[in-house]
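Residues per chain are reported as follows:
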Amino acid sequence: KARDLAHAFLLDAGEHPESAEAGVAHRAVGVTHWCFGEFVEARLHLERALAIFDPERDVDLTFRFGQDAGVAAMFYLAATLWPLGEVDRARRLIVDMEARVRRLDHMGTYVTASQYGATFDATRRDFEGFETHAREMAEISKKHELPGPLKQYVVLLEGRWECQAGDIAAGLAKMQGAVVTLREQGVLLFGSVIWSLLARCEREAG
């Protein structure tokens, strides 16, 4: 259903192929292809979304969608390039994403980018980088009320730290609780990364 809606959105934006709306539509189509593992198709649309993005023109999208459109396009393109073997460019996009976030004054983008960074690092088994991004999310959660899914990601990450610190039972309980809540909320995005983190702690627990 999401892919059908995304393609319909892109068709509607077809009369204005360089518009902000077209950029969002290409990103939506690209993300749905990414979710299916159709990385070649995803790349085409995500490259286009990033090419269309205009930091000055599209600033209002940040407040309409809760995150910067350029940051989102950079992350999903990086997540698409990684399994296609373009690891160096994928890493550079994440570096560029983080540099852009530092220039913005928008908490929604900051916390979402921290989640993106943690997810990307976990995907490539860079657990040092993962911990850095995870701690950023935890610090934000102490100062700001996060929406449901992001709050559960923080709980999940806190559980991961506790497992690493040796309190495996408490950490595992937090992680399992967060996974159950995310499923109940219908949040399946990044599920494979979340389940792999949980599996590592379950293995440590025997």
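Report follows, based on the coordinates. In every chain, residue numbers begin from 1 and rise along the written sequence. Residues qualify for local features only when their pLDDT is at least 70, as the model is predicted, and side-chain atom pairs are given and counted only at 80 or more; totals for whole chains, interfaces and linings, by contrast, use all residues. Excluded from the side-chain calculation are hydrogens and water; included are all heavy atoms of the structure.

## Digging into the overall build of the protein
Reasoning step 1: Per the secondary structure count, the protein includes eleven helices and zero strands.
Reasoning step 2: Secondary structure follows DSSP: runs of H or I at least 4 residues long count as helices, runs of E at least 2 residues long count as strands, and numbering of each begins at the N terminus. Helices (α) and strands (β) of the protein occur, in sequence order from the N terminus, as α-α-α-α-α-α-α-α-α-α-α.
Reasoning step 3: The size measure is the radius of gyration over C-alpha atoms, and the globule rule it meets is 2.2 Å times the number of residues to the 0.38 power. Whereas a compact globule of 206 residues would reach a radius of gyration of roughly 17 Å, the protein reaches 17 Å, a difference of no more than 12%.
Reasoning step 4: Burial classes: relative accessible area under 20% of the type maximum marks a residue as buried, over 50% as exposed, and values in between as partly exposed (1.4 Å probe, protein chains only). Counting over 206 residues, the protein shows a buried share of 47%.
Reasoning step 5: If the 24 positive side-chain charges of the protein are averaged to one point and the 31 negative ones to another, these points end up 3 Å apart. When charges are counted, neither His nor the chain ends are considered; positive counts come from Lys and Arg and negative counts from Asp and Glu. The location of each charge is read from NZ of Lys, CZ of Arg, CG of Asp or CD of Glu.

## Some words on the packing of helix 3 (residues 39-52) against helix 5 (residues 69-81)
Reasoning step 1: The geometry of helix 3 relative to helix 5 is characterised by a closest axis approach of 9 Å and an angle of 155° between their N-to-C directions. The angle between the axes of helix 3 and helix 5 places the two elements in the roughly antiparallel class. As for how helix 3 packs across helix 5, the hand of that crossing is left-handed. Of the residues in helix 5, those in contact with Phe 39, Ala 42, Arg 43, Leu 46, Glu 47, Ala 49 and Leu 50 of helix 3 are Gly 70, Ala 73, Met 74, Tyr 76, Leu 77, Thr 80 and Leu 81.
Reasoning step 2: Of the residues contributing to the contact of helix 3 with helix 5, the split by class is ten nonpolar, two polar and two charged. Every axis in this analysis is a line fitted to C-alpha atoms, fitted for helices over the stretch in contact. Angles between the N-to-C directions lie between 0 and 180 degrees. By the definition adopted for this analysis, an angle is roughly parallel if under 35 degrees, roughly antiparallel if over 145, roughly perpendicular if from 65 to 115, and oblique otherwise. Take the far helix as the reference: if the near one is turned anticlockwise from it by less than a right angle, the crossing is left-handed, and if turned clockwise, right-handed. In this description, contact between two residues means that some pair of their heavy atoms is separated by no more than 4.5 Å. Amino acid classes used here: Ala, Val, Leu, Ile, Met, Phe, Trp, Tyr, Cys and Pro are nonpolar; Asp, Glu, Lys and Arg are charged; the rest, including Gly, are polar.

## Observations regarding the pattern of salt bridges
Reasoning step 1: Whenever a carboxyl oxygen of Asp or Glu lies within 4 Å of a side-chain nitrogen of Lys or Arg, that contact is scored as a salt bridge. Summed over the entire model, instances satisfying the criterion amount to 16 salt bridges.
Reasoning step 2: For Arg 43, the salt bridge is made with Glu 47, and the minimal N-O distance between the two is 3.3 Å. Here Glu 47 and Arg 43 lie together in helix 3, a separation of four residues that amounts to about one turn.
Reasoning step 3: Taking relative accessible area as the criterion, Glu 47 reaches 23% and is therefore assigned partly exposed.

## Section: unusual backbone geometry
Reasoning step 1: Within the chain, Arg 125 stands out as a residue other than glycine whose phi angle is a positive 60°.
Reasoning step 2: Locating Arg 125 in the fold gives a position in the loop between helix 7 (107-123) and helix 8 (127-143).
Reasoning step 3: Unusually for a residue other than glycine, Phe 190 sits at a positive phi of about 65°.
Reasoning step 4: Examined against the element boundaries, Phe 190 turns out to sit in the loop between helix 10 (168-184) and helix 11 (191-204).

## With respect to the state of the cysteines
Reasoning step 1: The criterion for a disulfide is a pair of cysteine sulfur atoms lying within 2.5 Å. Under the counting rule described, the total for this entry stands at zero disulfides.
Reasoning step 2: In this model Cys 163 remains outside any disulfide bridge; the closest cysteine sulfur is found in Cys 201, 3.1 Å from its own.
Reasoning step 3: By relative accessible area, Cys 163 is classed as buried at 3%.
Reasoning step 4: For Cys 201, a relative accessible area of 0% puts it in the buried group.

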